[in-house]
Amino acid sequence: MVRRGDSAEALTRLVGEVSAKAVYSNRCHEPAAMARDAEVASHLRAEGITVRTFDAALLLEPEKALNKQGAPFRVFTPFWRSCLERHEPKEPAGGPARIPAPKPWPASLPLDALELAPKVDWAAGIRAAWRPGAQGARAQLARFLDEGLAQYAQGRDRPDLAFTSRLSPHLHFGEIAPRAIWHAVRERSLLGGDAGLVRGAEAYLRQLAWREFAYSLLVHFPHTTDAPLRPDFARFPWQEDEAALRAWQRGRTGYPLVDAGMRELWTTGWMHNRVRMVAASFLVKHLLIPWQAGARWFWDTLVDADLANNTLGWQWTAGCGADAAPYFRIFNPVRQGQRFDPSGRYVRRWVPELAGVPDKWVHCPWQAPAAALKDAGIRLGQEYPHPIIDHTEARERALAAYDHLKGTRTV
DNA sequence: TTTTGAGTTGTTCGA
DNA sequence: GTCGAACAACTCAAA
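1. Overview of the nonpolar core
Here is step 1: Of all hydrophobic cores here, the largest spans 44 residues; its most connected members are Leu257, Val258, Val278, Ala279, Phe282, Leu283 and Val347.
Here is step 2: For this core, the element with the most residues is helix α12 (residues 273–286), which contributes 8 residues.
Here is step 3: Not counting residues within four places of it along the chain, the set of residues in contact with Leu257 comprises Val275, Val278, Pro333, Gln336, Gly337, Asp341, Val347 and His363.
Here is step 4: The next biggest cluster of nonpolar side chains, apart from the first, holds 39 residues, and it includes Phe73, Leu141, Val185 and Ala325.

This is the structure:
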């Protein structure tokens, strides 16, 4: 049923229309949604309605995920060990046997009335890549269990292969519950007795736990959506660079792996996790552009855009968050490409200008002999850009910028 | 209470 | 080609 308007008013009216005595719902864990839901609940209770909420969105309640000092965790591994590794989350409850329908069925707006669809249809690539809804989510999980899980431990890092679960948008929109995923993965790994399945399941469940960790951080440190968790990063010498930001957004940095990822994102609303790290690291460390600008772009373009995950991911990359990447960990986009997309298949798919460049140079076309580029029908600076910045120089500059936080090293 | 060891995802350099 | 060291500072939890 679709309604529009102030949540508390719309729900209170609906409750009246169907003479409901109680309202059941699942809890949300984003600060704004928590505030809204609290307001709705107090409205309903004032009308004498029973309000009961449940937790389906997470494996554990962020409010309860505390260390022995009663403080929230700031490091993932202790969080994992103390909260999830030895404590299996509950199995999901089955659906209700019967839900009596109200008579008559209340009025509903047509979905189009919400005017959610963009005026310019930029979503064709997204429609082609995803099947939204609970059925699509279950199909995706079944595919992952059959085709991804056994290879997941190593294969998840390969953007040219398909061993990741691709469940993130379904999780974000509540189309599948993390507990359902957890137990399906666990069950499959136990049944098989196959070493790859067991290792894959372990690695994957850890990833699910990262989502929990992200929500725990978001609930306990809500300001981190905009500001660094580590306050010393207020001193970091970020650089505003509109042109470089635009080149990154459009996949025209001249680094093939970064550009492939950014174009995959623009087209499908999703980017492989390994490539997210490389692309994000490039924005923050090579270009020194504030992580918030990258977070905003991901927020606008990802179909799985999730406040908790996005915040954790960007702060981790920038080094200013919980359990952050060490400042000296600066991805080399060429090396990452050669290691995780060895044949260049991923790059060629999303950066077709490079299709004819031999494998050896597909991740670093500027190093290719002129003849090889000519044969490939490509001119740097024309069909495909020169690197926007030199890797070695950028690395030195980033290290110097991070030293700025300590104020010891001189450039 | 204090100490100690470990901590998602890397790169470069020199031996 | 491989391998280990170095590249901080800080949090957490077990000893």
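2. Some points on the domain arrangement of chain A
Here is step 1: Split into domains, chain A comes out as domain 1 (1–54), domain 2 (116–220) and domain 3 (232–406).
Here is step 2: Each of domain 1 and domain 2 has a C-alpha centre, and these two points are 30 Å apart.

3. Observations concerning the packing of helix α13 (residues 291–301) against helix α14 (residues 307–318)
Here is step 1: At a minimum axis distance of 10 Å, the contact between α13 and α14 shows a crossing angle of 145°. α13 and α14 meet at a crossing whose hand is right-handed. Facing α13, whose interface residues are Trp291, Gly294, Ala295, Phe298 and Trp299, α14 presents Asn310, Thr311, Trp314, Gln315, Thr317 and Ala318.
Here is step 2: Tallied by class, the residues present in the contact of α13 with α14 amount to 6 nonpolar, 5 polar and no charged.

4. Points about the environment of Pro78
Here is step 1: Within the secondary structure, Pro78 is located in helix α3 (residues 76–85).
Here is step 2: Judged by the 13 C-beta atoms lying within 10 Å of it, Pro78 falls in the partly exposed class.
Here is step 3: Expressed as a C-alpha distance, the spacing of Pro78 and Leu58, which sit 20 residues apart in the sequence, is 18 Å.
Here is step 4: Beyond its immediate chain neighbours, meaning those up to four positions away, Pro78 contacts Asn67 and Phe73.

5. Some points on the protein's contact with DNA strand B
Here is step 1: In the vicinity of DNA strand B lie 16 residues, with Phe76, Thr77, Trp210, Arg329 and Asn332 positioned nearest.
Here is step 2: Elements with a minimum of two residues in the surface near DNA strand B: α3, α9 (195–220) and α15 (333–340).
Here is step 3: For the surface near DNA strand B, the residue count by class is 8 nonpolar, 4 polar and 4 charged.

Thresholds applied
- Residues numbered from 1 in each chain as written.
- Chains lettered and ligands numbered in written order.
- Predicted model: local features only at pLDDT ≥ 70, side-chain atom pairs only at ≥ 80, totals over all residues.
- Core = buried A, V, L, I, M, F, W, Y, C linked by C-beta atoms within 7 Å.
- Buried ≥ 20, exposed ≤ 12 C-beta atoms within 10 Å, placed from the backbone.
- Helix = DSSP H or I, 4+ residues; strand = E, 2+ residues; numbered from the N terminus.
- Contact = placed C-beta atoms within 7 Å.
- Domains from an automatic or database assignment.
- Axes fitted to C-alpha atoms, helices over the stretch in contact; angles between N-to-C directions.
- Left-handed = near helix turned anticlockwise from the far one by under 90°.
- Nonpolar A, V, L, I, M, F, W, Y, C, P; charged D, E, K, R; others polar.
- Near = placed C-beta within 6 Å.

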